Structure formats: C-alpha cells, structure tokens
Amino acid sequence: MPSAYIKTYGCQMNERDSEAVAAQLVAKGYDLAQSEHQADVILLNTCSVRDQAEQKAFGKMVNLAKETKRSRPHTVLGFMGCMAQSRGQSLIDKLPDVDLVLGTQKFHRAGDYLDQILTGERRKICDIEAEQGSESTIRDHLSIGKDTNGSISAYVSIMQGCNQHCTFCIVPFTRGHERSRPIEEIVAECRELVAAGAKEIVLLGQIVTSYGKREISTQNGKSAFVQLLEAVHEIDGLERIRFTSPHPKGYGDDLIEAYGCLPKLCASAHIPVQSGSDRVLKLMHRGYTRERFLEIIGKLRKVNPNIGITTDIIVAFPGETDADFQKTLSLVEEVQFDNAFVFKYSPRQDTPAAAMANQIPTEVNEQRHAHLLNKVSEIGSNRYQRYLDQTVRILVEGPSRRNPNRLQGRTTCNKIVVFEGHDRHVGQLLDLKIYRAGLFTLYGDPAILNLD
Ligand code: SAH
Ligand code: F3S
C-alpha cells in the first residue's frame, strides 16, 4: 500500500482535520510515512489567515515539486484546507505538479480521490464545493484502537465555519457559514476517546461560543454551548475539558457561571480581544466594546481569581492611529494577560478591511508588533514568576516538545510545565513544585506526595 505524509500549517482545527484524514487513509490500508522524503502521497494542510502562512505552504510545495520530480516522479502532491478552499484550481494552474486540491468541506473524500489519482483513473482533482453535513465528517481519530500516547488530550470538532465576518478575517470564506454537530454525536465521540485513554477533551470550532445557536434552543438560561459543556462533563473517566476559540460576545453569565460549577472545565480562557480601541473594534466588526471585554474578564476572575487568561491581538489594522495603539497597550496593562498572540495585520483577499483606506505602512506595523510583544512578554514573565515555589497539579501529556527526555503537562490554567519523569506518569494528574519559571514555560519537581 502507498504511504502518506501530511504536513499541517495553522490552528488546532487544521491539526484535527489532518488527524482525521490520516485516520481515514490508515483505515484504507495506507502507511503513515515518517517524513516527506519517503512518502508516495504528500499533502499540505494549509492556513490562509495571514499572507505569511500561505506563502510558507506555497513555497514548500514548490520545493516538494522540484525534489519529487527529480527522484520520485510518481509522488502525488496535494493541497488541502483553507488555502485550497480560497485559491482552488489556480493552485494547479500555477503549480502543474500538484495533483489534488481539497477544500475544507471535502476532507472525507481524500481517500477516494487519492485512489483515483493513484490508479490513473483521474489525473488532477480539485474539489472545493460546499457539502451539506460536512461538519459531521471530521470524526475519525488515529488514537482509537491504536496504542499511541498522543491521545491523552484529544481534539473534537464541534462545529465548522463562522458568521461573524470580522472585517479582517478570511475564515468565513474558507470555512463557510456556521454548522454545528448534534450534542449526542459529539458526546458519543468524546466517550469513545475517553474509553481509548483520553483524559482531556479540547472542543474545537472557529467560534465555539456560537455553537448550536440556530439548531439548539436555550434551556433554563443556558446557551447550546453551555448545554454541550454540561453533557461532556458527565462523561466518567474524563478529567478535563477545554475549548477554543470562543468569541467575547459568547461570554454570557451562563458560560461564566459554568467555570464555577463544572470542575472538569479548565480554569483558562483564550478570549481574542484584537484591539483595545472602541473605534478600531467597531471598524473590525467585533461586536463588543473595551468596557464589555473588561467586564467579562472581571466576572471570570470573580468566579476564579487564578483563571489563566490569554488573547489574540492584531496591530496596525487599517486606520489604527497611535492613540488607538496606546489604548491596546493600556488594555494589555489593565488585563494582565498570561499570554497574548500578537499579529501584524495582513490584508486578506475579499475581506472589507483589505479595501479600507489608510493601510498602515510596514515599518509602523513592525514597530507596533515589537512594542506590544515586549509588553506582553514583560507581563507574562511576571505572572509566570509568581508560580515559583508553588505546587501545581498538571495532567501529564507526554514528552516535552523541546527536550524529548523530559515530560510535559499542563496546569488547569493552561501553563506548560516541564519535568523529569517516567513514561508511567503519562496520563496522570501529578503535583509538581515549581523551581524555575521561564518565559511561558514552568519547570517542576514531583511534589513529595507523588513520589511512588
Ligand atoms: N476564531 C478563530 C480565529 C482564527 S484567526 C480561531 O481561532 O479559530 C486567529 C487569529 O489570527 C485571530 O484571532 C486574529 O487575531 C488573527 N488574524 C485573523 N485575521 C488576520 C489578519 N488578516 N491579519 C492579522 N491577523 C489576523
Ligand atoms: Fe474570524 Fe472573527 Fe470569525 S476572527 S473566525 S470572523 S469571529
């Protein structure tokens, strides 16, 4: 059977889609290649959210085409995901060595299309059509039925698409409008994962707080999303629930209260704020004000003062003045985020912001990015220092990314902790004493209680 290699760019949603495609191919009898240099099929699962992400995947494909043409001309090359969706056939026109372009609603067709290409039945395939029910097709997991330890924390896709149409964002074009899976279907998938060894479930969607808005009515003041959290919470053997990405407008009191009543719901929230200036928030079509955002943070910290709070921020949105940027800085100062992803605004095809006047010059964009990043690191590092000599409980996930001889896990507040441990610790909840705090990483020693 042929072997396949999938390289993933972008968000957790993409990682999840790649895993589902890989599981589908394995079920058909494919081997998963260890590297692109040995594979018969190479797929790039792409991201379109910023121009740089597209350039990277495109450049990679140019190199792959050159390399495989020389040494392995029968290798099948494909783009899938967001860039495949937004650029379609033009990718094959520009790079004639590409055989497959698979859109975001077609991941479940990957296996059939690859068969057709490998048997010579079809030479090139581009499918970026919409497909009804495709939100329920991302359900296969590599971990189920196999002995892997990558399954301690498992991603589950609960919805596809986004209707918010923030003026800078390409996601509503690449992922389509919001479509949610039924609660029972999601719970069944989570149960299977827990039965296969998962201890943590991460619920995924582009705007998870809008989950089930049209399909599932509010009950006792609880939104569909909170109903889903409660249903997943009931699963025996599951230790932790996380989700990403929410939208601030989804932080109603029902969700805030859920942090107090659902012990398995992790004490962390990644809430993208994007800007600290009301004027810019309005131009972005975000649907909340600075004051409302601060109110949400205040309420969350009232429920749990230690909750980990992280965010996304875009600098140099069209028309952003120095005064607007100062407001973002002051917001960051006021909230004291544990961490923030800071992005340089990048104009995206067909988005309203790309056509706005007053695009900000690159140098200013870069200066603001560096300035804000400094501020975020300074605050983050102070917040991490506070953990020194404290005992924290982590869920051990597996080898540390940077040093495979060590293990890593996360606190409920989503802080990564690295420590010297044994394989038998993987999947356990472990208490560690923090002896060093790096920038966005903690280092711990097993606390005396766990020394068995
Ligand atoms: N809710 C989505 C958001 C996807 S984009 C999700 O996480 O699934 C992730 C982040 O990229 C956004 O929160 C925003 O901060 C940033 N981003 C989106 N479009 C951008 C653009 N055109 N330029 C720069 N950053 C952007
Ligand atoms: Fe994009 Fe805004 Fe939706 S950032 S994913 S349009 S909430």
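Nothing here was measured: the structure is a model prediction, and the numbers come from that model. (Residues numbered from 1 in each chain as written. Chains lettered and ligands numbered in written order. Predicted model: local features only at pLDDT ≥ 70, side-chain atom pairs only at ≥ 80, totals over all residues. Heavy atoms only, no water.)

Caption draft 1: Local environment of the overall build of the protein. Regarding its fold elements, the protein presents 13 helices and 19 strands. Across its three principal directions, the C-alpha atoms of the protein cover 60 × 60 × 45 Å. In the protein, which comprises 452 residues, the proportion classed as buried is 54%. Long-range pairs, those at least 24 residues apart, make up 73% of the contacts in the protein with a sequence separation of at least 6. A total accessible area of about 20200 Å² is found for the protein, and carbon and sulfur atoms account for 48% of it. (Helix = DSSP H or I, 4+ residues; strand = E, 2+ residues; numbered from the N terminus. Buried < 20%, exposed > 50% of the residue type's maximum accessible area, 1.4 Å probe, protein only. Contact = heavy atoms within 4.5 Å. Areas by Shrake-Rupley, 256 points an atom, 1.4 Å probe, with all protein chains shown as cover.)

Caption draft 2: Representation of helix α13 (residues 362-385) within the structure. Its 24 residues place the ends of α13 34 Å apart at the C-alpha level, agreeing with the 34 Å of an ideal helix rising 1.5 Å per residue. Residues of α13 that are buried: Asn 365, Arg 368, His 369, Leu 372, Lys 375, Val 376, Ile 379, Gly 380, Arg 383 and Tyr 384. Tucked into the core, α13 has its buried residues touching α11 (290-303), β13 (308-315), α12 (322-335), β14 (339-344), β18 (429-437) and β19 (442-446). (Expected span 1.5 Å × (residues − 1).)

Caption draft 3: Local environment of the site of ligand 2. In the vicinity of ligand 2, the residues found are Cys 162, Gln 164, His 165, Cys 166, Phe 168, Cys 169, Val 171, Pro 172, Ile 207, His 247 and Arg 286. Broken down by class, the residue content of the shell around ligand 2 amounts to 7 nonpolar, 3 polar and 1 charged. (Near = heavy atom within 4 Å. Nonpolar A, V, L, I, M, F, W, Y, C, P; charged D, E, K, R; others polar.)

Caption draft 4: Spatial organisation of the environment of Val 426. With respect to the element layout, Val 426 can be found in the loop between β17 (416-419) and β18. For Val 426, a relative accessible area of 17% translates into the label buried. Spatially, the C-alpha atom of Val 426 lies 8.1 Å from that of Leu 407, the residues being 19 residues apart in sequence.

Caption draft 5: Local environment of the site of ligand 1. The environment of ligand 1 is made up of 13 residues, and the closest members are Gln 206, Ser 245, Gln 274, Asp 312 and Ser 346. In this structure, an oxygen atom belonging to ligand 1 sits 2.9 Å away from a side-chain N or O atom of Arg 50. In this structure, a nitrogen atom belonging to ligand 1 sits 3.0 Å away from a main-chain N or O atom of Phe 168. Considering ligand 1 on its own, with 550 Å² of exposed area, one finds that the protein chains cover 88% of that surface. When residues of the shell around ligand 1 are traced back to their parent elements, those giving at least two are β13 and β14. For the shell around ligand 1, the class distribution of residues is 5 nonpolar, 4 polar and 4 charged. (Polar contact = N/O pair within 3.5 Å; in protein donor to acceptor, adjacent residues only side chain to side chain.)

Caption draft 6: The arrangement of the pairing of strand β11 (residues 240-244) in detail. Most of β11 sits out of view: 5 of its 5 residues are buried. Relative to β11, strand β10 (residues 200-204) is paired through 5 bridges, and the arrangement is parallel. Paired with Leu 203 across the bridge in β11 is Phe 243. Since β10 and β11 lie parallel, the crossover through helix α8 (residues 224-233) that links them has a hand, and here it is right-handed. (Pairing = 2+ DSSP bridges. Right-handed = clockwise from strand over helix to strand, strands pointing away.)

Caption draft 7: Structural view of the nonpolar core. Grouped together as the largest cluster of nonpolar side chains are 87 residues, with contacts concentrated most on Leu 203, Phe 243, Tyr 251 and Leu 300. When sequence neighbours within four positions are dropped, the list of residues in contact with Leu 300 reads Tyr 251, Ile 256, Tyr 259, Ala 269, Ile 271, Ile 307 and Ile 309. (Core = buried A, V, L, I, M, F, W, Y, C linked by side-chain atoms within 4.5 Å.)

Caption draft 8: Representation of the sheet that holds strand β2 (residues 31-32) within the structure. The 6 strands are arranged β2-β1-β3-β4-β5-β6 in an open sheet whose pairing can be described as parallel. Looking at strand neighbours, the two that pair on one side only are β2 and β6 (125-127), the edges of this open sheet. Where strand β5 (residues 100-102) meets β6, 3 bridges bridge the pair, whose relative direction is parallel. Each residue of the ladder has a partner; that of Val 101, found in β6, is Cys 126. Helix α2 (residues 51-71) rests against β1 (3-8), β3 (41-46) and β4 (76-81) of the sheet, and its axis sits at about 170° to β4. Those strands touched by helix α5 (residues 110-118) are β3, β4, β5 and β6, and its axis lies near 170° from that of β5. (Axes fitted to C-alpha atoms, helices over the stretch in contact; angles between N-to-C directions.)

Caption draft 9: Representation of the pattern of salt bridges. Within this structure, the stated rule accounts for 34 salt bridges. With a shortest N-O distance of 2.7 Å, Lys 28 and Asp 115 are connected by a salt bridge. Taken together, the residues span a long stretch of sequence, with Lys 28 in the loop between α1 (12-27) and β2 and Asp 115 in helix α5 at a distance of 87 residues. Residue classification places Lys 28 among the partly exposed residues on the basis of a relative accessible area of 32%. (Salt bridge = Lys/Arg side-chain N within 4 Å of Asp/Glu carboxyl O.)

Caption draft 10: Focus on the sheet that holds strand β12 (residues 268-270). Reading across from one edge, β12-β13-β14 is the order of the 3 strands in this open sheet, with parallel pairing throughout. Lying at the two open borders of the sheet, with one neighbouring strand each, are β12 and β14. Each neighbouring strand pair of the sheet contributes to a mean axis angle of 10°, computed without reference to strand direction. Summarising the sheet, β12 and β13 pair through 3 bridges and their orientation is parallel. Bridged to His 270 within β13 is Thr 310.

Caption draft 11: Up close: the pairing of β13. The buried count for β13 comes to 7 of 8 residues, which makes it a mostly enclosed element. Following the backbone out of β13, through α12 and into the adjacent parallel β14, one traces a crossover that is right-handed.

Caption draft 12: Summary view of the packing of aromatic side chains. According to the stated counting rule, one finds 6 aromatic pairs in the structure shown. Pairing Phe 225 with Phe 243 gives two aromatic rings, centres 5.0 Å apart and planes at 90°, and the pair type is edge-to-face. You can see Phe 225 sitting in helix α8 and its partner Phe 243 sitting in strand β11, a full 18 residues away along the chain. Each member of the pair, Phe 225 as well as Phe 243, carries the same accessibility label: buried. Ring centres of Phe 293 and Phe 337 lie 6.3 Å apart, and the angle between their planes is 50°; this geometry places the pair in the tilted category. Of this pair, Phe 293 sits in helix α11 while Phe 337 sits in the loop between α12 and β14, and the two are 44 residues apart along the sequence. Linked through ring pairs, Phe 168, Phe 317 and Tyr 345 together constitute an aromatic cluster. Here Arg 436 stacks its cationic end above the ring of Tyr 443, 4.2 Å away from the centre of that ring. (Phe/Tyr/Trp six-rings, centres within 6.5 Å; stacked < 30°, edge-to-face > 60°. Lys NZ or Arg CZ within 6 Å of the ring centre and 35° of its normal.)

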